Amino acid sequence: TQSTRPQRLLGAVQKNATRGQPHSVLKAIDQFCTHTEWAMNVGDEKGCILDSVVSEVNPATVLELGTYCGYSTVRIASLLPPHAKLITLEFNPDFAAIARQVIAWAGLEDKVQLVEGASGDWIPKMKEQFGITTFDFVFLDHWKDRYLPDTKLMEECGLLRKGTVLLADNVICPGTPDYLEYIRNSPRYKSQYFKSHLEYTKVEDGLEKSVFQG
Ligand SMILES: O=C(NCc1cccc(CNc2ccc3[nH]ncc3c2)c1)c1cc(-c2ccc(F)cc2)cc(O)c1O
Ligand SMILES: [Mg+2]
């Protein structure tokens, strides 16, 4: 039977990366997606911007919306301080199954909690289920029409604090126009656009960094 793209991506990791070395996992995925098969990982160009924002925030609590195969999960988790926690939400069970194996190959399973389900269902349960008060850093990379409703939901659930940093992927391609309009015009956020390119292509894309003002 036919393999899926995430399965082929996992195979490339298991073949070319060294267990317990996150950097080699990222390199194996980027090589695979550059030379063999495109996949919707944040990639290395936007990934370097992600790295710099994560390093600047040095978060103890991270929420990632949209795990896919775990590329950005590994990228973020590899930069976290010892007792920091990353919760990553994935709606698609096939993606989640692959991501668990990619995260394990990188040796980062102790820092990561992968939760299967939809953001709309899980965001209201974060405090009671995971003992979270607020998130220091949120990476948005799931369905593009969920960025805005989920940001409003995180506000309503008191999951953001003064200084929480939201970083949104794909604000140009595929695009998140309603989110950009809201976040750039809201007095409750200070936003900054980082121009880049769609992963593994020359197409324009970018990341929007927004700091919650409380
Ligand atoms: O659409 C994208 N990613 C999101 C996505 C997509 C599919 C499935 C899921 C299922 N996962 C999921 C869903 C709902 C959820 N709620 N809470 C968690 C959660 C998790 C998520 C995307 C597309 C492109 C792209 C494609 C084609 C093209 F030509 C240009 C660009 C590039 C990207 O970097 C992208 O990130
Ligand atoms: Mg993306």
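In short, a report on the structure. Please read these numbers as outputs of a predicted model, since none were measured by experiment.

Bringing the coordination of the magnesium ion (ligand 2) into the picture now. Those protein atoms acting as donors to the magnesium ion (ligand 2) are D141 (OD), D169 (OD) and N170 (OD1), and they sit at 2.0 to 2.2 Å. All donors to the magnesium ion (ligand 2) come from one chain, and their sequence spacing reads D-x27-D-N. Taken together, the residues span a long stretch of sequence, with D141 in the loop between β4 (135-140) and α8 (147-156) and D169 in the loop between β5 (160-168) and α9 (171-175) at a distance of 28 residues. Residue classification places D169 among the buried positions, given a relative accessible area of 0%.

Locating V138 in the fold gives a position in strand β4. Judged by its relative accessible area of 0%, V138 is buried. For V138 and L65, which are 73 residues apart along the polypeptide, the C-alpha to C-alpha distance reads 7.7 Å. Residues contacting V138, with those up to four places away along its chain left out, are L63, M154, L160, V165, L166 and L167.

What counts, and where the lines are drawn
- Residues numbered from 1 in each chain as written.
- Chains lettered and ligands numbered in written order.
- Predicted model: local features only at pLDDT ≥ 70, side-chain atom pairs only at ≥ 80, totals over all residues.
- Heavy atoms only, no water.
- Donors = N, O, S within 2.8 Å, 3.2 Å for Na, K, Ca; no water.
- Helix = DSSP H or I, 4+ residues; strand = E, 2+ residues; numbered from the N terminus.
- Buried < 20%, exposed > 50% of the residue type's maximum accessible area, 1.4 Å probe, protein only.
- Contact = heavy atoms within 4.5 Å.

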